[in-house]
Amino acid sequence: MPEKNTISACLVVHNEEKLIGRCLESIKNLVDEIIVVHDGPCQDKTLEIAMNFTNKIFEREQIGSMEPHLAFAYNNSHSEWMMRIDADEFFEQQALSQIKQLVEKAPEKVGSFEFDWEFWNWSKSVHNKAFRKKILYRRKKLHFIGVTHQIGLVDGDNVKTNVLLRHQPQYNNTSWSTFFRKLRHQVPVHAKFFFPDQVKYECFNYDINVWLQYISRVKKLIIGHIIFTPFKMALGQLKNGLWTWLGLNFVVQTYLYYLDLYFNIWKIKRNSKSQS
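Residues numbered from 1 in each chain as written. Predicted model: local features only at pLDDT ≥ 70, side-chain atom pairs only at ≥ 80, totals over all residues. Heavy atoms only, no water.

Counted under the stated rule, the structure contains 12 salt bridges. Taking the shortest distance from any N to any O, the salt bridge between Glu-108 and Lys-140 comes out at 2.5 Å. Highlighted residues: Glu-108 in the loop between helix H4 (93–105) and strand S6 (110–117) and Lys-140 in the loop between strand S9 (132–138) and strand S10 (142–145), separated in sequence by 32 residues. Under the relative-accessibility criterion, Lys-140 is labelled exposed at 54%. Each of Asp-86, Glu-89 and Lys-133 takes part in salt bridges that share partners, so that together they form one network. (Salt bridge = Lys/Arg side-chain N within 4 Å of Asp/Glu carboxyl O. Helix = DSSP H or I, 4+ residues; strand = E, 2+ residues; numbered from the N terminus. Buried < 20%, exposed > 50% of the residue type's maximum accessible area, 1.4 Å probe, protein only.)

So this is what it looks like as structure tokens:
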């Protein structure tokens with residue numbers, strides 16, 4: 001049984017030598033365990049830097065998506081709480097005591113904590129009340145499948161906090177060029193997870209049949225999903241409070257992402273039928 005109030009930090013990285021040191025330095029006095037998983041062969045000094053903070057380092061086959069590796073990291077962690085954090089994210093020192101208090105005082109019904117999340121336009125921070133990220137999970141209450149953009153299902157309460165998770169990548173995270181670059185990379189990988197013969201699923205405390213039943217329904221009604229689901233996802237962002245000009249850009253980007261995703265699923269399904 002995990003020791004009470006302990007935290008495992010789980011990072012999935014890909015050639016992050018310019019950023020990972022800042023991240024790990026910021027959490028080294030907060031967490032009890034650091035697990036670093038590299039997506040594919042490391043081609044820079046990322047893992048060399050990580051060795052200064054942990055010996056729990058894994059170099060795995062390249063997938064092009066962090067979530068399968070995150071499930072692997074969760075399965076190799078040993079603490080009561082698990083923190084998913086990216087190499088381009090970090091905490092200011094004053095946040096550490098806040099996080100420790102959250103964990104120590106958390107009632108049993110709490111399953112996760114959600115933090116304020118910073119966006120970065122390469123010159124300054126961008127904040128919006130809708131920019132939040134759920135990153136701290138009670139181990140026994142999380143159910144997670146390693147599929148692109150899945151964050152997991154949590155038993156119990158999710159508590160919103162005012163703790164700020166800094167997020168400063170080496171690019172403008174608000175620009176359309178960044179969005180289209182990520183779109184071209186992520187959508188083909190994401191779409192493959194709807195076809196069990198093309199991927200290997202990695203899960204943490206999760207019944208894979210739930211996902212298999214879901215993707216079966218999606219593929220049967222794929223035209224409906226192409227038409228309606230992008231609108232549903234975009235409206236969900238508006239519901240979260242993205243009513244600023246920047247926020248409306250994210251709403252449109254959400255719509256375009258899911259439109260492209262379901263169109264790619266339809267294409268793979270069509271091609272599979274033509275080859276059979």
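Let us look at the state of the cysteines. Overall, the coordinates contain zero disulfides when judged by the stated rule. Just so you know, Cys-10 is unpaired, no disulfide at all, and the nearest cysteine sulfur is the one on Cys-23, 12 Å from it. Cys-10 sits in the buried class, given a relative accessible area of 1%. (Disulfide = S-S within 2.5 Å.)

The next subject is the side chain of Thr-178. Note that Thr-178 resides in helix H5 (residues 176–192). Look at Thr-178 and you get buried, because its relative accessible area is 7%. Polar side-chain contacts of Thr-178 include one of 2.9 Å to the side chain of Ser-175. When residues no more than four places from it in sequence are discounted, the contact partners of Thr-178 are Tyr-171, Asn-172 and Asn-173. (Polar contact = N/O pair within 3.5 Å; in protein donor to acceptor, adjacent residues only side chain to side chain. Contact = heavy atoms within 4.5 Å.)

If a residue is not glycine, its phi is most likely negative; likewise, a peptide bond is most likely trans. Unusually for a residue other than glycine, Asn-15 sits at a positive phi of about 50 degrees. On the secondary structure map, Asn-15 appears in the loop between strand S1 (7–13) and helix H1 (20–27). Positive phi, close to 55 degrees, is recorded for Asn-205, a residue that is not glycine. Looking at where Asn-205 falls in the secondary structure, it is placed in the loop between strand S13 (203–204) and helix H6 (208–220). Residue classification places Asn-205 among the partly exposed residues on the basis of a relative accessible area of 41%.

This next bit is on the environment of Glu-16. Mapped onto the elements of the fold, Glu-16 is located in the loop between S1 and H1. The exposure class of Glu-16 is partly exposed, given its relative accessible area of 22%. Residues Glu-16 and Ala-87, 71 residues apart in the sequence, show an inter-C-alpha distance of 6.7 Å. Leaving out residues up to four positions away in the same chain, Glu-16 has contacts with Asp-44, Thr-46 and Ala-87.

Sheet architecture is open: eight strands sit in the order S3-S2-S1-S4-S9-S6-S12-S5, paired in mixed fashion. With partners counted over all chains shown, the strands left at the sheet margins are strand S3 (57–60) and strand S5 (89–90), one partner each. Both S5 and strand S12 (residues 157–167) contribute to a ladder of two bridges, which runs antiparallel. Of the residues in S12, the one forming a bridge with Phe-90 is Arg-166. Contacts between H1 and the sheet are confined to S1, strand S2 (33–39) and S5, with S1 contributing the most and set at about 175 degrees to the helix. Docked against the sheet, helix H3 (residues 66–75) engages S1, S2, S3, strand S4 (81–84) and S9, running at close to 150 degrees with respect to S1. (Pairing = 2+ DSSP bridges. Axes fitted to C-alpha atoms, helices over the stretch in contact; angles between N-to-C directions.)

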